[in-house]
Amino acid sequence: MDKIIKGIMKYRKCHREEMVKQFQKVKDCPEPKAAFFTCMDSRMIPTRFTETNVGDMFVVRNAGNIIPHSQHFEDELAMCEPAALELVCLMNEIKHIIVCGHSDCKAMNMLYSLREEELASKVNRRISPLKAWLCAHASNSLTRFQQLEISDFRDPILFQGETSLRKFVAYIDPEDKFGVEDKLSQINTLQQLQNIASYGFLKKRLERHDLHIHALWFDIYTGDIYYFSRANKKFVEINESTERCLLTEIKKYYS
């Protein structure tokens, strides 16, 4: 708390005045362009590494950047993440949903450790809310990971995109740069795109190509950020040599 209070005092002295001006500027007509679903890991600061500011995007965070599939709920609006989807996509009509995973994700590390356990174990659900969360909503990610592990991560995975007809192929870490837990994290990030598309109240906008879903992945040890390129069928590092090609792909694919 000492660090937080000192930080607040520094904010009051150095940044509050400018931030209040920004709040006033967007007060009556905020126009956020995206919703950013990411992990609650303290090392993830999305507004900093995307250089976004007040009013630019909604941010939703939880353990493992998971958006539960609609099949888990009798009522699709029963939890935070579906409620957030409704808020940002129906009430605010944003056009882009971004899911961002990251390396050394503690939730994904725990999910990997559960691969030998019974995911539906009542013991898990009673003693660990985190295990219960992962068992309930990340089992598909782990299943896909285990299937890919059999082929030594050489085979592609097929994911559903915005609609049942708009599928995409993914090769996970074909250069073998990352450990197995990070491979699981990348699979889990892509699985969330399929989960998002399962919500009925998004169906019309997705079918009209009026709402688009993207995947990013952040390597916390190098600071590199990867965009999942459907053209390249893999996560591609966003840098000076790839920026133009990725922007061209995004413009073409989502036009």
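Residues take numbers from 1 onward in each chain, read along the sequence in its written order. Whole-chain, interface and lining totals are the exception, using all residues; otherwise, since this is a predicted model, local features are given only for residues with pLDDT of at least 70 and side-chain atom pairs are given and counted only at 80 or more. Neither water nor hydrogens contribute to the side-chain values; these are computed over all heavy atoms in the structure.

Q: I tried to follow the overall build of the chain on my own but got confused; where do I start?
A: Looking only at helices and strands, the chain features eleven helices and eight strands. To get the radius of gyration, use the C-alpha atoms; to get the globule rule, take the number of residues to the power 0.38 and multiply by 2.2 Å. Against the globule reference of 18 Å for 255 residues, the chain gives a C-alpha radius of gyration of 19 Å, in line with a compact fold. With the C-alpha coordinates aligned to their principal axes, the bounding extent of the chain is approximately 55 × 45 × 40 Å. Relative accessible area decides the class of each residue, using a 1.4 Å probe on protein chains only: under 20% of the type maximum gives buried, over 50% gives exposed, and in between gives partly exposed. Residue burial in the chain is summarised as follows: out of 255 residues, 46% are buried. Contacts in the chain between residues far apart in sequence, at least 24 positions, make up 63% of those at least 6 positions apart. Helix numbers and strand numbers start at the N terminus; a helix is a DSSP run of H or I with at least 4 residues, a strand a run of E with at least 2. Only heavy atoms enter the contact rule, under which two residues are in contact if any of them lie within 4.5 Å.

Q: Looking at this structure, how should I read the sheet that holds strand β3 (residues 96-102)?
A: Picture the strands of a sheet paired through backbone hydrogen bonds; they go either parallel or antiparallel. Strand pairing is defined by DSSP finding a minimum of two bridges between the two strands. Read across the open sheet, the six strands follow the order β2-β1-β3-β6-β7-β8; overall the sheet is mixed. The sheet is open, and its two edges are formed by β2 (57-62) and β8 (234-237), each paired on a single side. With strand direction ignored, the average angle separating the axes of adjacent strands in the sheet is 30°. Examined bridge by bridge, β3 and strand β6 (residues 212-218) share seven bridges and lie parallel to one another. Bridge pairing in β6 links Val 99 to Ala 215. Helix-sheet contacts for helix α4 (residues 80-91) involve β1 (34-39), β2 and β3, and the interaxial angle to β1 is about 160°. Axes, fitted as lines to C-alpha atoms, cover a helix only where it is in contact. Angles between the N-to-C directions of the axes lie from 0 to 180 degrees.

Q: Explanation requested: the packing of helix α8 (residues 139-150) against helix α9 (residues 180-196) in the structure shown.
A: Interhelical geometry of α8 versus α9 gives an angle of 125° and a closest axis separation of 9 Å. If you check the angle between α8 and α9, you find them oblique. In the packing of α8 onto α9, the handedness of the crossing is right-handed. In this structure, α8 uses Asn 140, Ser 141, Leu 142, Arg 144, Phe 145 and Leu 148 to contact α9, whose residues at the interface are Val 180, Lys 183, Leu 184, Ile 187, Asn 188, Gln 191, Gln 192 and Gln 194. Basically, the charged four are Asp, Glu, Lys and Arg, the nonpolar ten are Ala, Val, Leu, Ile, Met, Phe, Trp, Tyr, Cys and Pro, and anything else, Gly included, counts as polar. Here the contact of α8 with α9 is composed, by residue class, of six nonpolar, six polar and two charged. When an angle is under 35 degrees it counts as roughly parallel; over 145 it counts as roughly antiparallel; between 65 and 115 it counts as roughly perpendicular; any other value is oblique. A clockwise turn of the near helix away from the far one marks a right-handed crossing, whereas an anticlockwise turn of less than a right angle marks a left-handed crossing.

Q: When you look at the packing of aromatic side chains in this model, what are you seeing that I'm missing?
A: Given two aromatic rings, their pairing is described by the distance between the two centres and the angle made by the two planes. Two rings from Phe, Tyr or Trp (for Trp, the six-membered ring) form a pair when their centres are within 6.5 Å of each other. A pair whose planes differ by under 30 degrees is stacked, one over 60 is edge-to-face, and the rest are tilted. Following the criterion strictly, the structure yields eleven aromatic pairs and no others. Seen from their ring centres, Phe 145 and Phe 153 are 5.5 Å apart, and the 50° between their planes marks the pair as tilted. The exposure classification of Phe 145 matches that of Phe 153, with both residues buried. Joined through ring pairs, the aromatic side chains of Phe 159, Phe 168, Phe 228 and Phe 235 make up one cluster. Sitting over a ring, as applied to charges here, requires NZ of Lys or CZ of Arg to be within 6 Å of the ring centre and within 35 degrees of the ring normal. Lys 183 extends its terminal NZ or CZ atom over the ring of Phe 153, reaching a point 5.4 Å from the ring centre.

Q: Just to check I follow, could you spell out the pattern of salt bridges for this structure?
A: It is possible for side chains bearing opposite charge to pair when their charged atoms get close. A carboxyl oxygen of Asp or Glu within 4 Å of a side-chain nitrogen of Lys or Arg is what we treat as a salt bridge. For the coordinates displayed, the defined rule picks out 14 salt bridges. With a shortest N-O distance of 2.8 Å, Arg 43 and Asp 41 are connected by a salt bridge. For Asp 41, a relative accessible area of 11% translates into the label buried. Note that Asp 173 and Lys 183 form a salt bridge whose closest N and O atoms lie 2.9 Å from each other. Highlighted residues: Asp 173 in the loop between β5 (167-170) and α9 and Lys 183 in helix α9, separated in sequence by ten residues. Look at Asp 173 and you get buried, because its relative accessible area is 7%.

Q: Explanation requested: the UniProt feature "binding site: Zn(2+)" (unreviewed entry) in the chain in the structure shown.
A: Taken from the UniProt record, the annotation "binding site: Zn(2+)" (unreviewed entry) applies to Cys 39, Asp 41, His 102 and Cys 105. These residues run over 67 residues, yet every pair of their C-alpha atoms falls within 9.1 Å of each other. Along the chain, His 102 falls in strand β3. In contact with His 102, other than residues within four places in its own chain, are Cys 39, Asp 41, Arg 43, Met 44, Ser 185, Trp 217, Phe 218 and Ile 220. In this structure, Cys 105 sits in the loop between β3 and α5 (106-113). Once you skip the residues sitting within four places of it in the chain, Cys 105 turns out to touch Cys 39 and Gly 64. UniProt positions are given in the numbering used here, feature names are shortened, and annotations may be inferred rather than shown by experiment.

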